[in-house]
Amino acid sequence: MATFKQTIAAVIAPATGLDAEAIEAAITLPQHDGHGDFSFPCFPLAKTLRKSPALIADELARSLIPPQGFSKIEALAGYLNFFVDKALFAQRVLGEVLTQGAAYGNSTEGAGKPVVIDFSSPNMGKELAFHHLRGTMIGNSLSRVYAKRGHPVTRVNHLGDWGTSYGKLIVMFVREGLGEKDLPTLTLEHLNRLYKAFSQAAEKEPELENAAREAFAKLEAGDAYFHVLWNAFREVTLVELRRLYAILNVDFDSWVGEAFFANRLQPVLALLEEKKLLTTSQGAEVVDLEAFGATGMPPALIRKTDGSTLYITRDLAAALYRQAEYAFDRSFYVVDNGQSLHFQQLFKVLELLGCDWASRCEHIPFGLVLHKSEEGNWEKGKTRSGHSSLLKDVLEGAREKIAAIMAEKNPDAGKDVDLALRIAVGALVFSEMKNRRLNDIRFEWEQALSFEGDSGPYVQNAHVRLCSILRKAGIQLNSFYPKDLDGVRWGIYEEPASFAVAELLSQFPDRVGAAAISRDPCTLAQYALSLADATHRFLHGSRVLGSDEERERLLLVRAARSVLAQALELVGVPAIERM
RNA sequence: GCACCAGUAGCUCAGCUGGAUAGAGCGCCGCCCUCCGAAGGCGGAGGUCACAGGUUCGACUCCUGUCUGGUGUACCA
């Protein structure tokens, strides 16, 4: 079935001689009442037709006959405004949403174009900090969006399980007199203490840094005992990570991290040699990128003076592996903006290695999460006083606050510990996802956990209200039969608040596409906000149950609920049924 | 120095591939529950879209420059 835009293009094309696709792309959605539902700006035609845009619009408005699905065409200030037949529009939109259910908005755009998304990728031996939430949830959201667009998606958690950090942990572990017997009772908290202890000790004894590098070099060389320690550190961390990912409802297809590639560096190093890219500088092996035409780019350090490898060496191996393993069309790296130079270097080296797919690797950067300091300045680091910056603590703190509010507002649901956590997750995730990916976020507890306005709970609440009505009407979620549409009085949806909801529902597929193209979930978070807003307004003004329009309004409730749930899930906010 | 990013209302932020009168939330001032969830809705005050040029029929949006802020810049990841 032709879309409304396609129908408009088909009418304008013969009258103007313009390409139908170009017309479709030029059509805009008017922002103001009285400007219709779709507009075609006539300004670009002025030059070729040698007439004023206003005149062109006037003539077109007079000569064109409103096509099927439209009630009238009006000219206004150079715009050709199309007014849809609202009843028919609603019929089409609700029909699509309800019959397609969770598949509404799906696309085959990505079929045969595998996408690899590298995100979260925490370091082993360290607790997940609150600021890890952003990258984790952006990656999670993009994974879902790309899957919905039909792409085969591989979600990769490129664990930071190799590197000098392990040398530090090993050094401290040994120094504290701990041994193999202590491994079974080892905790992640303990590992974190070892890190802190190392940093403190290293301030007084700078030679510890060298000891750590040596320990790591030994580990990389295959030392058996150090390998046992390393493995134990890694396992302890993974247990806690899996627990947190479960709370966030985030999954991965691959947990292959840096250690995996540490054993697969030979082909990379051989290839670098073969292409004659390596040079020695200050005792280390580097790729002098500037010498290869990347003006102003610092050299990429491939191997340290002591022979051990670095981040970028392993990333090169990982990139080659991913191309070989998944034959990706796109490879995304969801990593904070501070790493942009690293990725520029990485992609440049891949290009120099002759990988024609290097241009299809993309860094998806995101901004920092800033917190207000005691002095009132915004800075990177800890959350407000009294709150730790560990993700688990932030989640627990948020859950407690939400539980307290719930106990007040809805005592029955307030007893549900798991529900409070899901609302807390929704609030925190939404507060980060509603902003543009690259913007630094100024994080405020009050705003993030707010139950009002532009917040996760506001959107969740719209979903809850819709669910509540359906529950009272005895309608199961996602139950739909074609006969439900028989004899529906479509004209009822012409009422403004109802139509506003239908209009938003029609925009959902495009918004999913926009999120994919911009690689930014904020598009969908903002959409969820608009739909929640329209929903609250509709429910405020129109009684559903027991009204003369109950049947029609229930259909709108079902459609809105279905799409709102989808938008929330794509963003990574739980679509809950009660709160 | 170089690189990446940002600068929109008192605060925190939206503004789709340039389009018609600049949009929310919080805060402030009012109003609305005998009515499916008031975790809601309605109204009001509040903006020279950092600044200066340029491209264009049209610029918050694109380009250049300036200013301000954040981040990164060789043996951490």
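Residues numbered from 1 in each chain as written. Chains lettered and ligands numbered in written order. Predicted model: local features only at pLDDT ≥ 70, side-chain atom pairs only at ≥ 80, totals over all residues. Heavy atoms only, no water.

**Q** What should I look at first to understand the overall build of chain A in this one?
**A** In terms of helices and strands, chain A carries 22 helices and 13 strands. Along the three orthogonal principal directions, the C-alpha set of chain A runs to about 85 × 65 × 50 Å. Going through the 579 residues of chain A one by one, you find that 53% of them count as buried. Restricting to contacts in chain A with at least 6 residues of sequence separation, those with at least 24 account for 73%. Taken as a whole, chain A presents about 26,200 Å² of accessible surface, with 50% of it coming from carbon and sulfur. Of note, chain A has its 64 positive side-chain charges centred 2 Å away from the centre of its 73 negative side-chain charges. (Helix = DSSP H or I, 4+ residues; strand = E, 2+ residues; numbered from the N terminus. Buried < 20%, exposed > 50% of the residue type's maximum accessible area, 1.4 Å probe, protein only. Contact = heavy atoms within 4.5 Å. Areas by Shrake-Rupley, 256 points an atom, 1.4 Å probe, with all protein chains shown as cover. Lys, Arg positive; Asp, Glu negative; His and termini not counted. Charge placed at Lys NZ, Arg CZ, Asp CG, Glu CD.)

**Q** What is the right way to look at helix α4 (residues 53-63) in this model?
**A** In an α-helix, one full turn covers 3.6 residues, which means residues spaced three or four apart are oriented alike. When α4 is considered as a whole, its buried residues turn out to be Pro53, Ile56, Ala57, Leu60 and Ala61. Relative to the axis of α4, the buried residues are bounded by an arc of 130 degrees and lie together on one face. Away from its buried face, by an angle of more than 90 degrees, α4 presents the exposed residues Arg62 and Ser63. Contacts from the buried residues of α4 go to α1 (4-16), α3 (45-49), β2 (70-76) and β3 (79-84). (Arc of directions from axis to C-beta.)

**Q** Please explain the domain arrangement of chain A as it appears in this structure.
**A** Often the size quoted for an interface is simply the accessible area lost on bringing the parts together. Domain assignment breaks chain A into domain 1 (4-84) and domain 2 (164-248). Domain 1 and domain 2 are separated by 67 Å when their C-alpha centres are compared. (Domains from an automatic or database assignment.)

**Q** Help me out: how do you make sense of the state of the cysteines in this one?
**A** Each disulfide consists of a covalent bond between the sulfur atoms of two cysteine residues. For the coordinates displayed, the defined rule picks out zero disulfides. There is no disulfide at Cys361, and the cysteine sulfur nearest it, in Cys355, is 8.1 Å away. (Disulfide = S-S within 2.5 Å.)

**Q** How do you make sense of the sheet that holds strand β7 (residues 284-287) when you look at a structure like this?
**A** Across a sheet, strands are paired by hydrogen bonds formed along the backbone, either parallel or antiparallel in direction. One open sheet holds the three strands; their spatial order is β6-β7-β8, and the pairing between them is antiparallel. Every other strand in the sheet has two partners, leaving β6 (278-281) and β8 (300-303) as the edge strands with one partner each. Each adjacent strand pair in this sheet contributes to an overall mean axis angle of 45 degrees, direction not counted. In this structure, β6 lies alongside β7, joined through four bridges in antiparallel fashion. Paired with Leu278 across the strands is Val287, a residue of β7. (Pairing = 2+ DSSP bridges. Axes fitted to C-alpha atoms, helices over the stretch in contact; angles between N-to-C directions.)

**Q** Just checking my understanding: could you explain the sheet that holds strand β10 (residues 361-364) for this structure?
**A** Spatially, four strands are ordered β5-β4-β9-β10 in an open sheet, and the strand pairing comes out parallel. The sheet is open, and its two edges are formed by β5 (153-156) and β10, each paired on a single side. Strand after strand, the sheet turns through a mean of 20 degrees between neighbouring axes, direction not considered. Where strand β9 (residues 330-334) and β10 come together, four bridges link them in parallel fashion. Along β10, the bridge assignment pairs Val334 with Ile364. Its contacts with the sheet put helix α13 (residues 311-326) on β4 (115-118), β5 and β9, and the angle it makes with β4 is roughly 145 degrees.

**Q** Could you clarify how one ought to interpret the side chain of Thr237 in this entry?
**A** With respect to the helices, strands and loops of the structure, Thr237 is situated in helix α10 (residues 224-248). You can call Thr237 buried: its relative accessible area is 1%. Side-chain polar atoms of Thr237 contact the backbone nitrogen of Gly125, separated by 2.9 Å. Here Phe233 takes part through its backbone oxygen, which lies 2.7 Å from a polar atom of the side chain of Thr237. In contact with Thr237, other than residues within four places in its own chain, are Asn123, Met124, Gly125, Lys126, Leu188 and Leu191. (Polar contact = N/O pair within 3.5 Å; in protein donor to acceptor, adjacent residues only side chain to side chain.)

**Q** What's the story with empty space enclosed by the protein in this structure? I'm lost.
**A** Where empty space is left in the structure can be found by rolling a water-sized probe over the atoms. By the definition in use, this model includes one cavity of 30 Å³ or more. Within this model, the largest cavity holds a volume of roughly 40 Å³. Forming the walls of the largest cavity are Val156, Ser254, Val256, Phe261, Tyr321, Arg322 and Tyr326. Among the elements that line the lining of the largest cavity, the one with the most residues is α13, at three residues. Looking at side-chain class alone, the lining of the largest cavity contains five nonpolar, one polar and one charged residues. (1 Å grid on protein atoms, 1.4 Å probe; cavity = no way out; pocket = protein on both sides within 12 Å on 5 of 7 lines; lining within 4 Å. Points joined across faces, edges and corners; volume = space filled by probe spheres on them. Nonpolar A, V, L, I, M, F, W, Y, C, P; charged D, E, K, R; others polar.)

**Q** Sorry, what's going on with the nonpolar core here?
**A** Within soluble globular proteins, side chains that are nonpolar tend to cluster in buried spots. Of all hydrophobic cores here, the largest spans 158 residues; its most connected members are Phe38, Leu80, Phe233, Leu428, Val459, Leu505 and Phe508. For this core, the element with the most residues is helix α22 (residues 550-571), which contributes 13 residues. The residues that make up this core include at least three from each of domain 1 (4-84) and domain 2 (164-248). Within the second largest apolar cluster, 34 residues are counted, among which are Val116, Ala319, Leu353 and Trp357. (Core = buried A, V, L, I, M, F, W, Y, C linked by side-chain atoms within 4.5 Å.)

**Q** I would appreciate a short explanation of the protein's contact with RNA strand B in the present structure.
**A** Around RNA strand B sit 73 residues, and of these Tyr79, Glu258, Lys304, Phe451 and Asn461 come closest. Atoms of RNA strand B within 4 Å of the protein belong to the sugar or the phosphate in 63% of instances, the rest to bases. Between RNA strand B and Ser39 there is a distance of 2.3 Å, counted from a base nitrogen to a side-chain nitrogen or oxygen. Ranked by the residues each element gives to the surface near RNA strand B, the list is headed by helix α19 (residues 456-473), at seven residues. The class makeup of the residues in the surface near RNA strand B is 28 nonpolar, 28 polar and 17 charged. (Near = heavy atom within 4 Å.)

**Q** Mind showing me how you'd approach the packing of α13 against helix α14 (residues 340-352) here?
**A** The axes of two packed helices give the description: the angle between them and the distance between them. Close contact between α13 and α14 brings their axes to 10 Å; oriented N to C, the two are set at 50 degrees. When the axes of α13 and α14 are compared, the pair comes out oblique. In the crossing of α13 with α14, the sense of the turn from one axis to the other is right-handed. Of α14, the residues touching α13 (which contributes Tyr311, Ile312, Asp315, Leu316 and Ala319) are His342, Phe343, Gln345, Leu346, Val349 and Leu350. (Parallel < 35°, antiparallel > 145°, perpendicular 65-115°, else oblique. Left-handed = near helix turned anticlockwise from the far one by under 90°.)

**Q** Got a minute to help me understand a positive patch on the surface in this structure?
**A** Taken together, the side chains of Arg471, Lys472, Arg543 and Arg578 make up a positively charged region of the molecular surface. Within the secondary structure, Arg471 sits in helix α19. For Arg471, a relative accessible area of 35% corresponds to the partly exposed category. (Patch = residues over 30% accessible without salt bridge, like charges linked within 9 Å, V, L, I, M, F, W, Y side chains within 5 Å. Salt bridge = Lys/Arg side-chain N within 4 Å of Asp/Glu carboxyl O.)

**Q** Would you explain the packing of aromatic side chains in this entry?
**A** To describe a pair of aromatic rings, you give the distance between the ring centres and the angle between the ring planes. Applying the stated criterion to the full structure yields 28 aromatic pairs. Between Tyr146 and Phe332, the aromatic rings sit 5.4 Å apart at their centres with planes inclined by 75 degrees, giving edge-to-face as the arrangement. Of this pair, Tyr146 sits in helix α6 (residues 132-148) while Phe332 sits in strand β9, placing them 186 residues apart in sequence. For Tyr146, a relative accessible area of 5% gives the class buried. On the basis of relative accessible area, Phe332 is assigned to the buried category, the value being 0%. (Phe/Tyr/Trp six-rings, centres within 6.5 Å; stacked < 30°, edge-to-face > 60°.)

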